[in-house]
Amino acid sequence: MPSTQQSRFRWLVYLPVVLAVLVGSGLRIQSLTESLWLDEMHTAWVATGEFHEIVDRAQIGNQSPFYPALVWLSTQTFGENEFAVRLLSLVAGVALIVTSFLLIDRWCQAPLIAGLVAWLIAVDPHSIFFSQEARPYAWVQWFGLLQVAAFAAVLEEDTKRRRAAWITTTI
């Protein structure tokens, strides 16, 4: 195939990841408005108080205040409801699909393999569950992937900026 035709149809290699994101999002959205369960209620309680109360409330449940602070922003924007409390987990779960595709494609120069990885994450029951919870698990998955990517970037070329990204994602 001539190179002009190859470049014209290059976008087709991204079709699997677009479909994976759509299917993965659909699977994750299903239960976002269901009633909260016990652990999620703690997250909601921490996030729906005053901003200055987040640290103390999070400590009561032996949690880091970082995730509830983000949920607080979500509830300030979308109201105090199940969807707003779970929204950030959905975002992180979908970001995991996209980020995994981008990293595998970059590292392996194989968009079809990267698309397969994206599909495996999109339909993985654990990833779906974590993306539906008002808990930080989906964020841990996504930041874990970002941390690996930052570490790989440091190994590729050790610059101050890359090292700072690695340290930040590790923290």
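Just above sits the structure.
As the structure is a computational prediction, the values presented were derived from the model and not from experiment. Within each chain, residues carry numbers counting from 1 in the order of the written sequence. Residues qualify for local features only when their pLDDT is at least 70, as the model is predicted, and side-chain atom pairs are given and counted only at 80 or more; totals for whole chains, interfaces and linings, by contrast, use all residues. The side-chain numbers reported here are obtained from all heavy atoms of the structure, hydrogens and water having been left aside.

1. A word on the overall build of the protein chain
Turning to step 1, where the next piece is worked out: In terms of regular secondary structure, the protein chain is built from ten helices and zero strands.
Turning to step 2, where the next piece is worked out: By the criteria applied, helices consist of DSSP H or I runs no shorter than four residues and strands consist of E runs no shorter than two, each listed in order from the N terminus. For the protein chain, the succession of helices and strands along the chain, N to C, is α-α-α-α-α-α-α-α-α-α.
Turning to step 3, where the next piece is worked out: Each principal axis of the C-alpha atoms in the protein chain carries an extent, and together these give about 60 × 40 × 25 Å.
Turning to step 4, where the next piece is worked out: Working definition: with a 1.4 Å probe on protein chains only, accessible area under 20% of the residue-type maximum means buried, over 50% means exposed, and in between means partly exposed. In the protein chain, which comprises 171 residues, the share counted as buried stands at 41%.
Turning to step 5, where the next piece is worked out: Working note: accessible area of the protein chain is about 10,100 Å², and carbon and sulfur atoms make up 67% of it.
Turning to step 6, where the next piece is worked out: Side chains of the protein chain give 11 positive and 14 negative charges; the mean places of these two sets differ by 13 Å. Each accessible area is a Shrake-Rupley result for a 1.4 Å probe, and residues are judged covered by the shown protein chains and nothing else. For the charge count, each Lys or Arg is scored as positive and each Asp or Glu as negative, with His and the chain ends excluded. By convention, the point assigned to a charge is CZ for Arg, NZ for Lys, CD for Glu and CG for Asp.

2. Quick notes on helix 2 (residues 15-29)
Turning to step 1, where the next piece is worked out: A rise of 1.5 Å per residue sets the reference length of helix 2, with its 15 residues, at 21 Å; its end C-alpha atoms lie 21 Å apart and thus fit the reference within 8%.
Turning to step 2, where the next piece is worked out: Taken as a whole, helix 2 has its buried residues at V17, A20, V21, G24, S25 and R28. Angularly, the buried residues of helix 2 cover 125° about the axis, an arc narrow enough to put them on a single face.
Turning to step 3, where the next piece is worked out: The inward-facing, buried residues of helix 2 contact helix 6 (82-108), helix 7 (111-123) and helix 8 (125-131). Expected span, for any helix, means 1.5 Å times one less than how many residues it has. Throughout, the arc means the angular range of directions from the helix axis out to the C-beta atoms. We call two residues contacting when some pair of their heavy atoms lies within 4.5 Å.

3. Some details on the pattern of salt bridges
Turning to step 1, where the next piece is worked out: In the sections that follow, a salt bridge refers to a side-chain nitrogen of Lys or Arg positioned within 4 Å of a carboxyl oxygen of Asp or Glu. With the rule as written, the count across this model stands at five salt bridges.
Turning to step 2, where the next piece is worked out: A salt bridge links R57 to E53; the shortest N-O distance between them is 3.6 Å.
Turning to step 3, where the next piece is worked out: Classification of E53 as partly exposed rests on a relative accessible area of 26%.
Turning to step 4, where the next piece is worked out: Taken together, the shared-partner salt bridges in this structure form one network comprising R106, E156 and R162.

4. Regarding a nonpolar patch on the surface
Turning to step 1, where the next piece is worked out: Judged by side-chain polarity, W11, L12, Y14, L15, V18, L19 and L22 come together as a nonpolar surface patch covering roughly 650 Å² of accessible area.
Turning to step 2, where the next piece is worked out: For L12, the position within the fold is in the loop between helix 1 (3-8) and helix 2. Residues forming no salt bridge and having over 30% relative accessible area are the ones grouped into patches, like charges within 9 Å of each other and nonpolar side chains (Val, Leu, Ile, Met, Phe, Trp, Tyr) within 5 Å.

5. Quick notes on the packing of helix 6 against helix 7
Turning to step 1, where the next piece is worked out: Here, axes are lines fitted to C-alpha atoms. For helices the fit covers the stretch in contact, and angles between N-to-C directions go from 0 to 180 degrees. Packing of helix 6 against helix 7 leaves a shortest axis separation of 8 Å and a crossing angle of 155°. Here helix 6 lies roughly antiparallel to helix 7, going by the angle between them. Crossing hand, helix 6 versus helix 7: right-handed. In this structure, helix 6 uses L96, I97, S100, F101, I104 and D105 to contact helix 7, whose residues at the interface are P111, I113, A114, G115, V117, A118, I121 and A122.
Turning to step 2, where the next piece is worked out: Grouping the constituent residues of the contact of helix 6 with helix 7 by class yields eleven nonpolar, two polar and one charged. Small angles under 35 degrees read as roughly parallel and large ones over 145 as roughly antiparallel, with 65 to 115 read as roughly perpendicular and the rest as oblique. Take the far helix as the reference: if the near one is turned anticlockwise from it by less than a right angle, the crossing is left-handed, and if turned clockwise, right-handed. Just so you know the grouping, Ala, Val, Leu, Ile, Met, Phe, Trp, Tyr, Cys and Pro go in nonpolar, Asp, Glu, Lys and Arg go in charged, and all remaining residues, Gly too, go in polar.

6. Remarks on the nonpolar core
Turning to step 1, where the next piece is worked out: The nonpolar core is taken to be a set of buried Ala, Val, Leu, Ile, Met, Phe, Trp, Tyr and Cys residues, with the residues joined through side-chain atoms within 4.5 Å. Judged by nonpolar contacts, the single largest core of 36 residues is most densely connected at V71, I97, A118, W139 and W142.
Turning to step 2, where the next piece is worked out: If you list the elements that add at least two residues to this core, you get helix 2, helix 3 (38-47), helix 4 (54-60), helix 5 (66-78), helix 6, helix 7 and helix 9 (137-156).

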